[in-house]
Amino acid sequence: NFAPHFALLGQKWPIYLNNSLFYILNFSMNQYETVFILTPVLSDDQMKETVEKFKKVLTDNGGNIENEENWGLRKLAYPIENKNTGFYTLIEFEGEPTIVDKLEIAFRRDEKVIRFLTFRLDKYAAEYAVKRRAVRKAKQEERAAQEAAEKEAAAVAVEEAPKAEEAPAAEA
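Calculation criteria
Residues numbered from 1 in each chain as written. Predicted model: local features only at pLDDT ≥ 70, side-chain atom pairs only at ≥ 80, totals over all residues. Heavy atoms only, no water. Salt bridge = Lys/Arg side-chain N within 4 Å of Asp/Glu carboxyl O. Helix = DSSP H or I, 4+ residues; strand = E, 2+ residues; numbered from the N terminus. Buried < 20%, exposed > 50% of the residue type's maximum accessible area, 1.4 Å probe, protein only. Phe/Tyr/Trp six-rings, centres within 6.5 Å; stacked < 30°, edge-to-face > 60°. Pairing = 2+ DSSP bridges. Axes fitted to C-alpha atoms, helices over the stretch in contact; angles between N-to-C directions. Contact = heavy atoms within 4.5 Å.

## Section: the pattern of salt bridges
Okay, step 1: Using the criterion set out here, one finds ten salt bridges in the structure.
Okay, step 2: Residue K55 pairs with E52 through a salt bridge whose shortest N-O separation is 3.3 Å. Taken together, the residues span about one helical turn, with K55 and E52 both in helix α1 (residues 44–60) at a distance of three residues.
Okay, step 3: When its relative accessible area of 17% is taken as the criterion, K55 is described as buried.
Okay, step 4: We note a salt bridge from R133 to E66, for which the minimum N-O separation is 3.8 Å. Linking R133 in helix α3 (residues 123–171) with E66 in strand β4 (residues 64–80), this pair joins segments that are 67 residues apart in sequence.
Okay, step 5: Here the salt bridges do not stand alone but share partners, grouping E33, E66, E69, E92, R132, R133 and R136 into one network.

Structure (C-alpha cells):
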C-alpha cells in the first residue's frame with residue numbers, strides 16, 4: 001500500500017513512481033555572493049585568518065566556494081564605527097539556503113566585521129559572474145605574460161650590454 005510521506009524541511013521527500021523510490025531534495029543548491037568589510041586596523045595576516053575562518057564556515061556546512069576576491073583597503077562611502085576605510089572581500093559560493101544563516105551569524109559574532117551583505121544570484125547574475133571571472137582571469141594571464149616578456153627583454157638587454165661595450169674596445 002502506498003502511504004504518502006511528508007518530511008520536515010531540509011529532509012528528503014520520497015516519491016514512488018513505477019514501484020521505484022526516488023528522492024528529491026527539498027533544498028536545492030543556490031549560488032550566493034557575499035561581500036564583507038573588515039576593520040582597517042587588522043594586519044594582513046589577521047585579515048587573511050579572518051577570511052579563512054569565514055571560508056571554513058562555508059565549507060564545513062556543505063558550501064562550495066567558487067571564487068574569492070580580495071579588493072583590499074578601500075575608502076568607505078560614509079564613516080562606520082568612526083572608521084573611514086576597510087578591507088573589502090568578495091566570496092562567491094554555492095550552497096543550501098541554511099548556510100546563509102550560519103554565515104551571517106558568524107559575521108555578527110566577529111567584531112572584526114564592520115558590514116556584510118549576502119544575496120542569492122539569479123540565473124542571469126550567475127551567468128554574469130561566470131563571464132566576469134573569465135574576463136578577470138584572462139586579464140591576469142595577459143598581465144602575467146606581459147610581465148614575463150618584459151623580464152625576458154630586460155635579461156636580454158643586460159646580456160647584450162657587456163657585448164656592446166667590448167665591441168668598441170676591440171676596434172681601438
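## Quick word on the packing of aromatic side chains
Okay, step 1: Per the stated rule, a full pass over the model turns up six aromatic pairs.
Okay, step 2: With a centroid separation of 5.4 Å and an interplanar angle of 25 degrees, the aromatic rings of Y32 and F93 are classed as stacked. Separated by 61 residues along the polypeptide, Y32 in strand β3 (residues 30–38) and F93 in strand β5 (residues 83–95) bring together distant segments of the chain. An identical accessibility class is assigned to Y32 and F93; each is buried.

## Examining the sheet that holds β4
Strand pairing in a sheet relies on backbone hydrogen bonds. The paired strands run either parallel or antiparallel.
Okay, step 1: Reading across the sheet, the four strands line up as β4-β5-β3-β6 and stay open at both edges, with antiparallel pairing between neighbours. Only two strands of the sheet have a single neighbouring strand rather than two, namely β4 and β6 (113–120). When strand polarity is set aside, the average angle formed by the axes of neighbouring strands in this sheet is 20 degrees.
Okay, step 2: In this structure, β4 lies alongside β5, joined through eleven bridges in antiparallel fashion. Looking at β5, one finds that G72 is bridged to Y88.
Okay, step 3: In the packing of helix α2 (residues 98–109) onto the sheet, contacts are made with β3, β5 and β6, and the angle to β6 comes to roughly 170 degrees.

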